[in-house]
Amino acid sequence: MNANTIINDGMTLEEKLAAIDAAMATVRLNYKQAHPDAAPLDPSDLTTCEGCQ
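Residues numbered from 1 in each chain as written. Predicted model: local features only at pLDDT ≥ 70, side-chain atom pairs only at ≥ 80, totals over all residues. Heavy atoms only, no water.

Undergrad: Run through the overall build of the protein chain, naming residues and quoting values.
TA: Looking only at helices and strands, one finds one helix and zero strands in the protein chain. Against the compact-globule benchmark of 10 Å for 53 residues, the protein chain has a radius of gyration of 13 Å, which places it well outside the compact range. Across the 53 residues in the protein chain, those meeting the buried criterion constitute 9%. Summing over all exposed atoms, the protein chain offers an accessible surface of approximately 4300 Å²; the carbon and sulfur share of this is 55%. (Helix = DSSP H or I, 4+ residues; strand = E, 2+ residues; numbered from the N terminus. Rg over C-alpha atoms; globule rule 2.2 N^0.38 Å. Buried < 20%, exposed > 50% of the residue type's maximum accessible area, 1.4 Å probe, protein only. Areas by Shrake-Rupley, 256 points an atom, 1.4 Å probe, with all protein chains shown as cover.)

Undergrad: Now, about helix 1 (residues 13-34): what can you tell me, with residues and values included?
TA: Here helix 1 is 22 residues long and its end C-alpha atoms lie 32 Å apart, about the 32 Å a rise of 1.5 Å per residue gives. Taken together, the buried positions of helix 1 are Ala 19, Ala 23 and Met 24. Along the axis of helix 1, the buried positions cluster into a sector of 125 degrees, meaning they face one direction only. Seen from the buried face of helix 1, the exposed residues on the opposite side, beyond 90 degrees, are Glu 14, Asp 21, Lys 32 and Gln 33. (Expected span 1.5 Å × (residues − 1). Arc of directions from axis to C-beta.)

Undergrad: Residues and numbers for a nonpolar patch on the surface, please.
TA: Taken together, Leu 13, Leu 17 and Ile 20 make up a surface patch of nonpolar side chains, about 260 Å² in accessible area. Along the polypeptide, Ile 20 turns up in helix 1. (Patch = residues over 30% accessible without salt bridge, like charges linked within 9 Å, V, L, I, M, F, W, Y side chains within 5 Å. Salt bridge = Lys/Arg side-chain N within 4 Å of Asp/Glu carboxyl O.)

Undergrad: Can you explain the environment of Val 27? Please cite residues and give values.
TA: Within the secondary structure, Val 27 sits in helix 1. The spatial distance from the C-alpha of Val 27 to the C-alpha of Asn 8 is 20 Å, given a sequence separation of 19 residues. With near-sequence residues (within four places) excluded, Val 27 lies in contact with Met 1, Leu 41 and Leu 46. (Contact = heavy atoms within 4.5 Å.)

Okay, structure coming up:
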């Protein structure tokens, strides 16, 4: 997830946090729909690059 597509410098802190929450909720919902029998998605996986995981 690229933060530059979600937030920008012109947003207030509250707007940035709301945008991040909405993006993460969307990702979790899409994951749950695509993988109904899988374990829940860990939100921390969305904040690190694949190489760091």
